[in-house]
Structures are given as C-alpha cells and as structure tokens.
Amino acid sequence: MTTSSYAIELRQLRKSFGSVEVLKDVSLAARKGEVISLIGSSGSGKSTLLRCINLLENPTAGEILLNGETLLLRKGKSGLEAANRRQAERFRSKLGMVFQSFNLWQHMTVLQNVMEGPVRVLKRTKADVHKEAVALLERVGLGEKLYAYPSQMSGGQQQRAAIARALAMQPDVMLFDEPTSALDPELVGEVLQVIRALADEGRTMLLVTHEMRFAREVSDRVIYLHNGQIEEEGTPDQLFGNPKSDRCRTFVSSIHS
Amino acid sequence: MVWDWLPEYAPRFVEGISITLQLLGLSIFFGMMLAIPIGLVQVTGPWPLAWLARAFCTVIRGTPLLIQLWLIYYGLGSLFPFIPGIRESMFWPILRDAFPYAVFAFTLSVAGYEGEIMRGAFKGVPKGELEAARAIGMTPFQVLRRVWLPRALQNVFPTLAGEFILTLKATPLAATITVFEVYGIGTIVRQETYRIYEPLLFVAAIYVFLTICLVVFFRFLENRRALPRI
Ligand SMILES: Nc1ncnc2c1ncn2[C@@H]1O[C@H](COP(=O)(O)OP(=O)(O)OP(=O)(O)O)[C@@H](O)[C@H]1O
Ligand SMILES: [Mg+2]
C-alpha cells in the first residue's frame, strides 16, 4: 500500500445517467486536513460527485483513492461497481456522509442513531461507544436530546445529530452535501457553527454548499463545477475575489447578492 | 336460555381456544417469515422472483381461503398416502392429523396478504435512510436487519395487527377439515345438546374476548417499542 499525503483523490471520474453525461472527467485531490468547497449551479453534478465517492452512485469511469489506497472497481450494469464488497464497506465507514435531508433513522433515538455505526459496522462494544456518543452529542449541542426521536427535533437539531452520527465512525474524510439547504434560515447558523469547528480542528472535508460567505471563510480551496466539469479552482480569495472564468464570475456574483 | 351444558363442555372450550390460538400464532409466525421475503423481492428484484412473489400474492388473495384449505387438505392430504413407506415413517402421525394442513393453508394465506402489505411497507421507507445506512458501511444484510425491516414494520404495524385479527376470525374455517378449534367445539355442543343459539352465542363471546386480548396485546407491543408517531 502506498502512503499518500492525499486523504482522498479522484482521478478522471465520469458518470452518465443513460446518455446524459453528468460528470466529465473530474479529478481532484484533498490533502489531509484540507477543506474543499464545491460550488456550482443546480444540476452541475455536485451531489453526483460526492455520491460517486462512496459508491452511492456508480461512476462510469475513473479511480477513487482513500489515503492512497485504490478502491477496487469492476464493470457492472450501472457503471463501475465495488469489486470487493468488504473493501467498499470499509471505505464507506471512513467517509462520513452528511446529507441535505439529514436521513436520520426515524425508528431510533438520536443516541441510537449515533451508536449504530460504531457498534454494528466497527463492532465496538456498546459501553465504549456509549460514552463517546454522548460526548459527541454534547459537542454538537444535543446533550439534552439523547433520547429524542428525530421526528421530535428541529431540522437544525437533526442535522447536528446527523453530523454526530458521521463523526462517531471516526472518518478520515467528511462529505457534506448542502447540509444547510433544507433548513429554515434561522437554523442555518447553528449547523454551520458545528461544521466550522470541524474545519478548525483540521478535518479533511469536501463541502457542497450554496453558503458562499461560509465557503469563503472555512475553505482552503474552492472548486467551481459547471456541467460536470471543474471550470475553475483556487483559493477562496482568488475564486471569490477575482474569478478568471466569466461563468464563475457570473455565478459568484449572482449568489453573493 | 339454557346453560346447564356449559360446565360439562367448559374444558373442551379451553382446548378449543388453545387450538385456535396455536393455529393463529403458528400461521402468523410462519406466514410473516414468508411475507417478508415475498414483499422484499418485489421491491428489490430480481424480476423473476418478483414476478413469482407477485403471482403468489395474486392467487392467494384471489381465491377463497375455504377453497385453499380444502385443496390443501383433500388434495395434498390424499396424495401423501400414495408415497411408499410413508405410513410406517415417523411423519405419518403428523400427516394424518388435520391441524398441520390448517396451519399450512393459513400460513399461505397470511403470506399472501401480508406479503402485499410488506411490499408497500418496504417501498415506503425513505430512500435516504437506506442510503445513510449504506453510506456508514453496513452490509446489505445489516441495512435490511437494522433499518429497512424495522422501519417497514413500524409503518405497517397497525395494519398488520388489523390483518391478524381478521385472520383470527377466519380460523373457524379450519373446523371444516376437522380441526376442533373454538367454533368446532361449538358445533359438537350443538349436535350433542340440541341447543342451537346458546352455543353459538357462547362461541361469539369467546371470539370477542380473544379479539380484545389481541388488540390489547398488539397495542402493548406498539407502545413497548415506544414508536414515535410520525
Ligand atoms: N438518479 C438520476 N438519474 C438520472 N439523472 C440524474 C440522477 N441523479 C442526478 N441526475 C442528473 O444529474 C445532473 C446532476 O445532478 P446533481 O444532483 O449532481 O446536481 P447538483 O449539482 O447536486 O444540483 P443541486 O444544486 O440542485 O443539488 C442533473 O442534471 C440531474 O438531473
Ligand atoms: Mg445536489
């Protein structure tokens, strides 16, 4: 196994739905501790890109590496599928995914949601995990909500619980797909605050977001995706302050408002 | 009204209740063991299995339970004796008894109706929750065991409870193949005492009682799981 300074690396990733090519040759690499924001208009392929990384979507072509280890893929019906199911499951357990719609398991309490992965997937003992899960939930401000069900909580609380659930797996990379887009405006701040803390403690993150100001503040690098291609990338100051491509300039200024 | 026969027949009714509950319990258990995969394959495929499951549900739901019961008892039951050596085998006492045929028929019935309900239940679980389970690294079986199945059951639990109570009230059909459950005992009483209404009233009262017990039991299960109302 090669050692790599990249936590996550995508090489020439392609994805088609039928005859529509949604990702066209996307390559990107995130160093350990790097925070990369993905921006782009609706339909540009941001979600698809994140979902290909943990094989929720099967890419059509390309390579995915986690800490220098190549994810083994083979041709299948819907594109490239995991060649080794166990390896794919191990990859997934190291990639913490946070969804736009939270996707907490509704039949479990918040605490059970957080404990589920470490206990079932990582096979750790409940007693061990329990302490950690409580600490995590306290960290995201849900210490009072351990035994609440997702349906009894606000969107902001649910998203913070979902972040705690992902963190409980001690992932190497966090993947956020518009974590605040489904929230009422007054609840966005509390979730961004949690994500900012994660960025500050040096986690590797890929963040799809429409919160431009936030992206500018927390990111080391910003990537502008257009029609399934990386149209421009650079530091936040470059990309927001002085975008080279006209499309990116238009997009950034239209959202900045 | 004349009730003097009751003390004499009370023990037999107790036996009848026991038979009724065994028939119901076993059919629900085995029926659900079939209904879960029958519902699941219709959502996941592969299509030949999905098609088979669909056909099974359609046939079961499209024919009267009484006919199924008779086909299984008189049809299947009359074939077995032709198998060489079966009368000497250890299975013969079971095969000669009507009760297993009733369990088999009711199991298929539960599988057919509840298979259809489970199909909808599996389909109704939000895709995002399943994706979250996969994304965290669960195996396909873990996704099913930890998220998909419990979520599906949670959604249809009240519907299933209602179905099981309907099944209870179909159990008198088993009396037509000489399974002496509650109604069967009632028939014996009517024949032996020449009383017409009282045994029927008594049998009806037993079913009301059993129904209430089941309702309370299912409500207890529902609350014990502390299901959040969504
Ligand atoms: N399962 C699917 N089947 C067919 N087409 C799809 C599927 N998922 C996504 N697409 C298409 O792929 C393109 C990219 O979608 P994607 O969800 O990745 O965009 P996005 O950048 O995340 O947009 P948004 O900002 O609206 O979330 C869109 O044109 C979409 O219609
Ligand atoms: Mg998206």
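Residues numbered from 1 in each chain as written. Chains lettered and ligands numbered in written order. Predicted model: local features only at pLDDT ≥ 70, side-chain atom pairs only at ≥ 80, totals over all residues. Heavy atoms only, no water.

A few words now on the overall build of chain B. When you go through chain B residue by residue, the secondary structure sums to nine helices and zero strands. Taken from N to C terminus, the helices and strands of chain B fall in the order α-α-α-α-α-α-α-α-α. In terms of overall dimensions, chain B has C-alpha extents of about 70 × 50 × 30 Å along its principal axes. Of all 230 residues assigned to chain B, the portion counted as buried reaches 47%. When contacts within chain B are restricted to residue pairs at least 6 apart in sequence, long-range pairs at least 24 apart make up 80% of them. Split by element, the accessible area of chain B, about 12300 Å² in all, is 71% carbon and sulfur. (Helix = DSSP H or I, 4+ residues; strand = E, 2+ residues; numbered from the N terminus. Buried < 20%, exposed > 50% of the residue type's maximum accessible area, 1.4 Å probe, protein only. Contact = heavy atoms within 4.5 Å. Areas by Shrake-Rupley, 256 points an atom, 1.4 Å probe, with all protein chains shown as cover.)

Residue and element names in this part refer to chain A. Around ligand 1, the structure places Phe-17, Val-22, Ser-41, Ser-42, Gly-43, Ser-44, Gly-45, Lys-46, Ser-47, Thr-48, Glu-178 and His-210. At 2.6 Å from an oxygen atom of ligand 1 is found a side-chain nitrogen or oxygen belonging to Ser-42. Between Ser-47 and ligand 1, the recorded distance is 2.7 Å, taken from a side-chain N or O atom to an oxygen atom. Ranked by the residues each element gives to the shell around ligand 1, the list is headed by helix H1 (residues 46–53), at three residues. In terms of residue class, the shell around ligand 1 is made up of two nonpolar, eight polar and two charged. (Near = heavy atom within 4 Å. Polar contact = N/O pair within 3.5 Å; in protein donor to acceptor, adjacent residues only side chain to side chain. Nonpolar A, V, L, I, M, F, W, Y, C, P; charged D, E, K, R; others polar.)

The subject of this paragraph is the interface of chain A and chain B. Contacts between the two partners involve 26 residues from chain A and, on the opposite side, 23 residues from chain B. Summed over both sides, the interface between chain A and chain B buries roughly 2100 Å², with carbon and sulfur atoms accounting for 58% of that surface. Summed over the shared surface of chain A and chain B, the result is two salt bridges. For the salt bridge of Glu-131 of chain B with Arg-51 of chain A, the shortest nitrogen-to-oxygen distance reads 2.7 Å. The interface formed by chain A and chain B contains seven residue pairs in polar contact (both at pLDDT 80 or more). Among the secondary structure elements, those contributing two or more residues to the side of chain A that touches chain B are helix H2 (85–94), strand S8 (95–98) and helix H3 (110–121) of chain A. Split by residue class, the side of chain A that touches chain B holds eleven nonpolar, seven polar and eight charged. (Buried area = accessible area lost by both parts, 1.4 Å probe. Salt bridge = Lys/Arg side-chain N within 4 Å of Asp/Glu carboxyl O.)

Take the packing of helix H3 (residues 65–79) of chain B against helix H5 (residues 99–124) of chain B next. Residues and elements named next belong to chain B. Where H3 meets H5, the axes come as close as 9 Å, and the angle between the chain directions of the two elements is 135 degrees. For the element pair H3 / H5, the angle class is oblique. Seen along the crossing, H3 lies across H5 with a hand that is right-handed. Contacts between H3 and H5 pair Leu-65, Gln-68, Leu-69, Ile-72, Tyr-73, Leu-76 and Gly-77 from the former with Tyr-101, Ala-102, Phe-104, Ala-105, Phe-106, Leu-108 and Ser-109 from the latter. Tallied by class, the residues present in the contact of H3 with H5 amount to eleven nonpolar, three polar and no charged. (Axes fitted to C-alpha atoms, helices over the stretch in contact; angles between N-to-C directions. Parallel < 35°, antiparallel > 145°, perpendicular 65-115°, else oblique. Left-handed = near helix turned anticlockwise from the far one by under 90°.)

Here we take up the sheet that holds strand S4 (residues 61–66) of chain A. Hydrogen bonds between backbone atoms are what pair the strands of a sheet, whose relative direction is either parallel or antiparallel. Residues and elements named next belong to chain A. Here we have four strands laid out as an open sheet, ordered S2-S1-S4-S5, and antiparallel in their pairing. In this open sheet, the two edge strands, each paired with only one partner strand, are strand S2 (20–31) and strand S5 (69–70). Sheet topology places strand S1 (residues 6–17) next to S2; eight bridges connect them, and they run antiparallel. If you follow Leu-10 over to S2, its bridge partner there is Leu-28. (Pairing = 2+ DSSP bridges.)

Along its twelve residues, H3 of chain A runs 17 Å from first to last C-alpha, staying within 8% of the 16 Å computed at 1.5 Å per residue. Of all the twelve residues making up H3 of chain A, ten are buried; the element is thus mostly covered by neighbouring parts of the structure. For H3 of chain A, the set of buried residues is Val-110, Leu-111, Asn-113, Val-114, Met-115, Glu-116, Gly-117, Pro-118, Val-119 and Val-121 of chain A. Elements in contact with the buried residues of H3 of chain A: H2, helix H4 (126–139) and helix H5 (155–167) of chain A together with helix H7 (140–170) of chain B. Phi turns positive, to about 60 degrees, at Lys-123 of chain A, one or two residues after H3 of chain A. (Expected span 1.5 Å × (residues − 1).)

All names here are of chain B. One pass over the full model with this rule turns up twelve aromatic pairs over all chains. Ring geometry for Trp-70 and Tyr-74: centres 6.1 Å apart, planes at 85 degrees, overall edge-to-face. One end of the pair, Trp-70, and the other, Tyr-74, are both in helix H3, four residues apart, so they sit about a helical turn from each other. Judged by relative accessible area, Tyr-74 falls into the partly exposed class, the value being 45%. Cluster of aromatic residues (ring-pair linked, three or more members): Trp-3, Trp-5, Phe-13 and Phe-202. (Phe/Tyr/Trp six-rings, centres within 6.5 Å; stacked < 30°, edge-to-face > 60°.)

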